[in-house]
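The primary structure of each chain is shown beneath.
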Amino acid sequence: MRAFIPNYQLVTPTSLSDVLNLLAQKKSGWQPFAGGTDLMVLLEAGKLPDKNYLNIWNLAELRGIEVSPEHVTLGALTTYTEVQSNPILREEFPMLCQAASETGGLAIQNRGTLGGNIANASPAADSPPALLAYDAELELVSVNGRRWVPYQNFHTGYKQMIMRADELLARIRLPRATTDLHQYYRKVGTRKAQAISKVCFAATARIFEGTVADVRIVLGSVAPVPLRCIKTEDVLRGAKLDLSSIEQAQAVLAGEIVPIDDIRSTRDYRLRVSLNLLEDFLQGLNTKAPRPVGT
Ligand SMILES: Cc1cc2nc3c(=O)[nH]c(=O)nc-3n(C[C@H](O)[C@H](O)[C@H](O)COP(=O)(O)OP(=O)(O)OC[C@H]3O[C@@H](n4cnc5c(N)ncnc54)[C@H](O)[C@@H]3O)c2cc1C
């Protein structure tokens, strides 16, 4: 049943400091409202609990994509459409662009934000696996100052994160060390578009003289959080890729992920698909060259 609208309050502060001051007022329970694409679904379903919302859509400090020699830094309000149309992201971070292009339809891509996708903390969200595979960092701001945290430490349990109620996610920073990097991203859903992931797989690797010099493997929809698969990475680092090492990595991955049966899929299907995607990614490292940056 739809929520009773007069119970809700949405205000539009004109500056970041006004937003942070309101978030710091613990008792009034203000929450950020960015694109609203997750929050409006809850409102329509009558499941939106908090009554006080801060419209942050107009905050210039949370917008824009900055490029330095070391990093690309995206404002938390960067939309999926903006991600896809940015030349540097297209060249160096194609997994993020692919995730953006496979998120919802055009209306969602125009309005949904990366910050909202991260802060909504769904384990089935599509941009977190790519961001984790790129070793992203997040900037959290509050009246007490700013802090950068590794995204890898951000999600602590189902819908739980280290961001405090008085903090706002301001920016997302990606290291530009993408030369010679193999990149692999797959979203598996019921359909090719407008589907929530059954499994999402993002991975990067560097190969040196036939062995895995470095690798990052991240899966969505197979654990309470978007999961960086550290144990699987550890058995692969330094390994030559052959049938035996690929099977060993699959065995470790099977013990590392915790897929469940739910409305979208089954535990067994998710496990099988995860192992198949790992094999496909690893086989490709032997047969495909990394995509050169700038092509
Ligand atoms: C039809 C439809 C299809 C969708 N398809 C997909 C899909 O394919 N893949 C996918 O991953 N998602 C999908 N989504 C979910 C949604 O669009 C994304 O999660 C989107 O990125 C949310 O961003 P938003 O700005 O709209 O967040 P909002 O709805 O505004 O906020 C979501 C949560 O994040 C918090 N929040 C937002 N911004 C900040 C911030 N800067 N700092 C702190 N907290 C913040 C809010 O308080 C709220 O709790 C879909 C949604 C719909 C309705």
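Look up: the structure comes first, before these words.
About the criteria used
Residues numbered from 1 in each chain as written. Predicted model: local features only at pLDDT ≥ 70, side-chain atom pairs only at ≥ 80, totals over all residues. Heavy atoms only, no water. Near = heavy atom within 4 Å. Polar contact = N/O pair within 3.5 Å; in protein donor to acceptor, adjacent residues only side chain to side chain. Areas by Shrake-Rupley, 256 points an atom, 1.4 Å probe, with all protein chains shown as cover. Helix = DSSP H or I, 4+ residues; strand = E, 2+ residues; numbered from the N terminus. Nonpolar A, V, L, I, M, F, W, Y, C, P; charged D, E, K, R; others polar. Salt bridge = Lys/Arg side-chain N within 4 Å of Asp/Glu carboxyl O. Buried < 20%, exposed > 50% of the residue type's maximum accessible area, 1.4 Å probe, protein only. Pairing = 2+ DSSP bridges. Contact = heavy atoms within 4.5 Å. Axes fitted to C-alpha atoms, helices over the stretch in contact; angles between N-to-C directions.

Q: Just checking my understanding: could you explain the site of the ligand for this structure?
A: Residues in close proximity to the ligand total 30 residues, the closest being Pro-32, Thr-37, Asp-38, Tyr-80 and Thr-113. Contacts to the ligand include Ala-34, whose backbone N or O atom sits 2.8 Å from an oxygen atom. For the ligand, the accessible surface in isolation is 990 Å², of which the surrounding protein chains cover 86%. Of all the elements in the fold, those that place two or more residues in the shell around the ligand are β2 (30-33), α2 (39-44), α7 (114-120) and β10 (168-175). Among the residues forming the shell around the ligand, the class breakdown is 15 nonpolar, 11 polar and four charged.

Q: I keep staring at the pattern of salt bridges and nothing clicks. Help me out?
A: Any two side chains of opposite charge can pair, so long as their charged atoms come close to each other. The full count for this structure, using the stated rule, is 18 salt bridges. Asp-262 serves as the salt-bridge partner of Arg-264, at 3.9 Å between the closest nitrogen and oxygen. Judged by its relative accessible area of 28%, Arg-264 falls in the partly exposed class. The exposure class of Asp-262 is partly exposed, given its relative accessible area of 30%. A single salt-bridge network, built from bridges that share partners, covers Asp-214, Arg-228, Glu-233, Asp-234 and Arg-237.

Q: Would you take a moment to explain the sheet that holds strand β12 (residues 199-208) for this structure?
A: Strands pair in a sheet through their backbones, by hydrogen bonds, and they do so in one of two ways: parallel or antiparallel. If you trace the four strands from one edge of the open sheet to the other, you get β11-β12-β13-β14, paired in antiparallel fashion. Only two strands of the sheet have a single neighbouring strand rather than two, namely β11 (182-188) and β14 (227-228). Pairing analysis gives two bridges linking strand β13 (residues 211-220) to β14, with the strands arranged antiparallel. The residue bridging Val-218 from the neighbouring strand is Arg-228, located in β14. The sheet strands contacting helix α5 (residues 94-101) are β11 and β12, and the helix crosses β11 at an angle near 15°.

Q: What is the right way to read the pairing of strand β5 (residues 71-75) from this model?
A: Each regular strand shows side chains that alternate between the opposite faces of the sheet. When you tally the buried positions in β5, you get four out of five residues, the bulk of the element. The loop that links strand β4 (residues 65-67) with its antiparallel partner β5 comprises three residues. Across five bridges, the pairing between β5 and β10 is antiparallel. Its bridge partner being in β10, Gly-75 is matched across the sheet by Arg-171.

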